[in-house]
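Listed here are the chains, written in short residue letters.
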Amino acid sequence: MKQVKPKKNLGQHFLIDLNIARSIADTVDACPDLPVLEVGPGMGVMTQYLVEKPRPIKVVEIDRESVAYLQDHFGGKVLEQRGEKKDFDSESWIISADFLQMDLTKVFDGQPFVLTGNYPYDISSQIFFKMLDNKDLIPCCTGMIQREVAQRIASAPGTKAYGILSVLIQAWYHVEYLFTVDENVFNPPPKVKSAVIRMTRNEVTDLGCDEQLFKRVVKTVFNQRRKMLRVSLRQLFTQEHPAPEDFFQQELMTKRPEQLTIAQFVELTNLVATALA
């Protein structure tokens, strides 16, 4: 069977180490009894181990050549979902589509599922933002990404890597950095190391603040991460709607964003909400 040629424009780096592929597939076992959606299966190196598990699985692949390979190798019906969106059906387990454009509520008829994959480096952050937008549907997300991004997601307050992804994801998920993967187990080898992580929904159902403002505050202050909050937060206010006189005098405003815990970001968001009211 003809192999799929990795495409640079799609950021394809095909995993060729079967032991690692099996280890990544096994990360979904921490969230049993849920169906699995694999993003970017390529030639199915992880898929072959996922389909052995006693649960429903679907895969979504944007590369038509990979879709054809998967159908030839594994069989089954393909759902072509490009342009005009189509409803999902139970028989189509290979989805030819752009994951970032999918309506995830329809993949398993509104049932929660585990998200996994060997994610393309250049869109991994976008994938996780989509996960956050669908956090009630995705109680568990596992997979392989660039090591630097994995470290960022798992970082604690006070560390250099702690940033936007750390806060937004850790607000809703427990994060586990599972293991590092070397470059030489891919075709073609990437220029950076990779890492496998697992994110499992925590007990939080309500942050205790406005979620959209929370995201706005987090992104605003980390865009000027070396500055104190009393400097970076000024851009949230205007001449027509200035901050109250004592707003920037509060003790919290002397901190830099990497020093704040999730709870302190919630507190900060509520302070901003009151000042903007």
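Coordinates for the structure precede this section.
Nothing here was measured: the structure is a model prediction, and the numbers come from that model.

What counts, and where the lines are drawn
- Residues numbered from 1 in each chain as written.
- Predicted model: local features only at pLDDT ≥ 70, side-chain atom pairs only at ≥ 80, totals over all residues.
- Heavy atoms only, no water.
- Salt bridge = Lys/Arg side-chain N within 4 Å of Asp/Glu carboxyl O.
- Helix = DSSP H or I, 4+ residues; strand = E, 2+ residues; numbered from the N terminus.
- Buried < 20%, exposed > 50% of the residue type's maximum accessible area, 1.4 Å probe, protein only.
- Disulfide = S-S within 2.5 Å.
- Phe/Tyr/Trp six-rings, centres within 6.5 Å; stacked < 30°, edge-to-face > 60°.
- Lys NZ or Arg CZ within 6 Å of the ring centre and 35° of its normal.

Enquirer: In this structure, what is going on with the pattern of salt bridges? I would like to understand it.
Expert: Pairing between side chains of opposite charge can happen when their charged atoms approach one another. Applying the stated criterion to the full structure yields eleven salt bridges. With a shortest N-O distance of 2.8 Å, Asp26 and Lys53 are connected by a salt bridge. Placement of the pair is Asp26 in the loop between helix H1 (18-25) and strand E2 (36-39) and Lys53 in the loop between helix H2 (47-50) and strand E3 (57-61), with a sequence separation of 27 residues. Owing to a relative accessible area of 34%, Asp26 belongs among the partly exposed residues under this scheme. The exposure class of Lys53 is buried, given its relative accessible area of 13%. Counted as one network, the salt bridges with shared partners bring together Asp26, Asp29 and Lys53.

Enquirer: When you look at the state of the cysteines in this model, what are you seeing that I'm missing?
Expert: Think of a disulfide as a covalent bridge from one cysteine sulfur atom to another cysteine sulfur atom. If you walk through the whole model with that rule in mind, you get one disulfide. Through a disulfide, Cys31 is tied to Cys140; the S-S separation comes to 2.3 Å. Since a negative S-S torsion denotes a left-handed disulfide, the Cys31-Cys140 link at about 75° is right-handed. You can see Cys31 sitting in the loop between H1 and E2 and its partner Cys140 sitting in strand E7 (residues 140-146), a full 109 residues away along the chain. Side by side, Cys31 and Cys140 carry an identical accessibility label, which is buried. Here Cys141 is not cross-linked by a disulfide; its sulfur's nearest cysteine counterpart is in Cys140, at 7.3 Å.

Enquirer: Mind showing me how you'd approach the environment of Asp63 here?
Expert: Turning to its location among the elements, Asp63 is positioned in the loop between E3 and helix H3 (64-74). Its relative accessible area of 5% is what places Asp63 among the buried residues.

Enquirer: How should the packing of aromatic side chains be read in this particular structure?
Expert: A ring pair, where both rings are aromatic, is described by two values, the distance of the centres and the angle of the planes. For the structure on display, the rule yields eight aromatic pairs. Taking the centre distance of 5.9 Å and the plane angle of 90° together, the rings of Phe74 and Trp93 count as edge-to-face. Placement of Phe74 in helix H3 and of Trp93 in strand E5 (residues 92-96) is noted, with a sequence separation of 19 residues between them. Their ring planes at 80° and their centres at 5.6 Å tell us that Tyr119 and Phe128 sit as a pair that is edge-to-face. Residue Tyr119 shares its accessibility class with Phe128, and that shared class is buried. A connected cluster of aromatic rings, assembled from ring pairs, spans Tyr162, Phe222 and Phe265. In this structure, Lys130 packs its charged tip against the face of Phe99, placed 5.9 Å from the ring centre. Here Lys135 stacks its cationic end above the ring of Trp172, 4.4 Å away from the centre of that ring.

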